[in-house]
Amino acid sequence: MSAVAIPGDPPGGRRALAVWGTGVSVYFVAVIFRTSLGVAGLDAADRFHVNASALSTFSILQLLVYAGMQIPVGLLVDRLGTKKVLALGAVLFTAGQLGFAFSPTYGTALASRALLGCGDALTFISVLRLGSRWFPARRGPMVAQFAGLVGMAGNLVSTLVLARLLHGIGWTTAFAGSAAAGAVVLVLVLLFLKDHPEGHEPEPLPHQGAAYVRRQIAASWREPGTRLGLWVHFTTQFPAMVFLLLWGLPFLVEAQGLSRAVAGELLTLVVLSNMVVGLVYGQIVARHHGARLPLALGTVGTTAALWAATLAYPGPHAPIWLLIVLCTVLGACGPASMIGFDFARPANPPERQGTASGITNMGGFVASMTTLFAIGVLLDATGDDYSLAFSVVFVLQAAGVSQILRLRRQAARRERERLVASRVETVHVPA
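Residues numbered from 1 in each chain as written. Predicted model: local features only at pLDDT ≥ 70, side-chain atom pairs only at ≥ 80, totals over all residues. Heavy atoms only, no water.

## Section: the confidence of the model for the protein
Then, number 1: Taken over all residues, the pLDDT of the protein has a mean of 85, while the share at 70 or more is 91%.
Then, number 2: The secondary structure element of the protein with the lowest average pLDDT is helix α7 (residues 140-169), at 79, and the one with the highest is helix α14 (residues 320-330), at 97.
Then, number 3: Low confidence marks residues 1-7, where pLDDT is under 50. Its contacts with residues over four positions away, or in another chain, come to two contacts.
Then, number 4: A low-confidence stretch, residues 426-431 (pLDDT under 50), is modelled with zero contacts involving residues beyond four sequence positions or located in other chains. (pLDDT = per-residue confidence, 0-100. Helix = DSSP H or I, 4+ residues; strand = E, 2+ residues; numbered from the N terminus. Contact = heavy atoms within 4.5 Å.)

Quick look at the structure:
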C-alpha cells in the first residue's frame, strides 16, 4: 500500500537532508562529549582521587540536568525553533567539555559535567523537531532512528578515538582538543540551519505565560501515547546507557578480568550493534506499526535474560562468548528506546511535538540516572560485588514493563480513534 500524503506535509528531499544533517551534527558532537567519561572513568577516579559513588556522581549529575531540562527544552523548541536552541546547546556543551579538560579539582569537574549536560539536553529534542519540520510524517520512524544512529556514531568516536587520545596525549590535551568540534558545529548551525522549508511555516504560538505552559504539558501528559512512549523509553534505554556511559569498562576490566583493550572492543561492539539494529528497527516500524510494542518488549526480555546469564554464571568470570552476546544485545537498547517517540509523536499535534518528545525523552535518562547511582552505592557497600550491584537493572525493567502493559490498551484505543477521525477528514478534503 502506498503512503498517503498528508495535506501540508513537508516535501523532504536533498535540501531537507542537508539541513537535517547540519542539525544532527550538533547531536553527534554532543554524544561524543556525553560519553567521553565512559572511556575515562578509571582515569577520572585516579585523577580526582574518588571512589565508585563519587565517580558515578559525574554521570548522575549530567543526566539529572539532562532529564530535568527535557520538558523546558521541548517548550523552548516549540516556541523558539531549532536553530536558536541548537546554537545555545553547542555553546554550553563546548564550554562544559573545555571546563572538564582543565578542572583541577573534583568540584570544578562536577560543575563542568553539569554544564555539558545542560548543553547536551538542548540537542536531541531539537533534532527530532527539525526532522518533523523537514520530512513527511510517514518518514518519522526512519528519521528518528537515523538520528539515534548518528548519536551512536558519536559514541563510537568516543570509544575508538577519544580513548586512544586520552592514553596517548593525556587528559587535558585530549578533552580540550575534542572541544574544537563543538566550535565547528556551532558555526555550521549559524550559517546553514533553517527551522523549516519555505511555505511550511508553523502557526504562530500564543503568548507563553505560565498558564499556557501548564496547559501544554498537561495536554501532552493526558495522551496515553505520550505516557506509553515515556515508559518504553524508560525501560529499554538504560541498560546500554549505563554500560556505555560509565560502568561498562570497570565491569569488564575489574569484574570480568579483561584487558582495557579487549573491554574497549566490547564497548565498540555495543555501538556497532546499535547502529545495525537501528537501521533494522527503523525499517520494521516504518512498514509495520503494530511491531512497535513486540520489538520493545522483546528487547527488554532478551536484555534481561542475557544479564541474568552473565551475572549468574558459575565461575570467576563469564566466558568471552557470553560477553560478546551480551554486548550485541545491549546494542538493541538504543533503537528500542526510539520506539517510544513513535508512540508519543502521532498522539500529539505539531504544536506539542517538542513538549511530548521532551516528556518521552525523560524516561530513559531518569532510569539511567537511578541505575548509575544505585550501582555506585552498591559497589561501595558490597566491596565491589558487580553481580549484586548490576542486579538493580532487573528492578527497573520490571517497573517499566508493568507500566507499559498497563498503558498499551489505552494508547491503542486512542490511536484507533485518531485514525478513524483522519480518514473521515480525508474523505471530505476536495480533490
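## Focus: the packing of aromatic side chains
Then, number 1: On inspection of all chains with the given rule, the structure shows 21 aromatic pairs.
Then, number 2: Centroid distance F58 to Y106: 5.2 Å. Interplanar angle 70 degrees. Geometry classified as edge-to-face. Separated by 48 residues along the polypeptide, F58 in helix α3 (residues 52-80) and Y106 in helix α5 (residues 106-121) bring together distant segments of the chain.
Then, number 3: Among the residues examined, F58 registers a relative accessible area of 0% and is labelled buried.
Then, number 4: Judged by centre distance (5.2 Å) and plane angle (90 degrees), the ring pair of F100 and F175 falls under edge-to-face. In this pair, F100 sits in helix α4 (residues 82-102) while F175 sits in helix α8 (residues 171-178), placing the two residues 75 residues apart along the sequence.
Then, number 5: A relative accessible area of 0% places F100 in the buried class.
Then, number 6: Taking the relative accessible area as the measure of exposure, F175 reaches 0% and is therefore buried.
Then, number 7: Among the aromatic residues, those joined into a ring-pair cluster are F48, F58, F100, Y106, W171 and F175.
Then, number 8: When the ring centre of F100 is taken as origin, the NZ or CZ atom of R113, which lies over that ring, is 4.7 Å away. (Phe/Tyr/Trp six-rings, centres within 6.5 Å; stacked < 30°, edge-to-face > 60°. Buried < 20%, exposed > 50% of the residue type's maximum accessible area, 1.4 Å probe, protein only. Lys NZ or Arg CZ within 6 Å of the ring centre and 35° of its normal.)

## So, the nonpolar core
Then, number 1: Core analysis: the biggest nonpolar cluster contains 130 residues, and F58, F93, F243, W247, F251 and W307 have the highest contact counts within it.
Then, number 2: Examining the composition of this core, we find that 18 residues originate from one element, helix α11 (residues 224-255), more than from any other.
Then, number 3: When residues no more than four places from it in sequence are discounted, the contact partners of F93 are V26, V29, A30, F33, L116, G119, D120, T123, G182 and V185. (Core = buried A, V, L, I, M, F, W, Y, C linked by side-chain atoms within 4.5 Å.)

## Description of the pattern of salt bridges
Then, number 1: Counting across every chain of the model gives four salt bridges.
Then, number 2: Its salt-bridge partner being E223, residue R414 comes within 2.7 Å of it at the nearest N-O pair. Residue R414 is located in helix α18 (residues 392-427), and its partner E223 is located in the loop between α10 (210-222) and α11; the two are separated by 191 residues in the primary sequence.
Then, number 3: Among the residues examined, R414 registers a relative accessible area of 32% and is labelled partly exposed.
Then, number 4: Here D342 and R345 are joined by a salt bridge, their closest N and O atoms 2.1 Å apart. Each member of the pair, D342 together with R345, is buried. (Salt bridge = Lys/Arg side-chain N within 4 Å of Asp/Glu carboxyl O.)

## As for α5
An α-helix turns once per 3.6 residues; consequently, residues spaced three or four apart project the same way.
Then, number 1: With 16 residues, α5 should reach 22 Å at 1.5 Å per residue; the first-to-last C-alpha distance of 22 Å fits that figure.
Then, number 2: Buried within α5 we find A109, L110, S112, R113, A114, L116, G117, C118, G119, D120 and A121.
Then, number 3: On the buried face of α5, the contacting elements are α1 (14-35), α2 (41-48), α3, α4 and α6 (124-134). (Expected span 1.5 Å × (residues − 1).)

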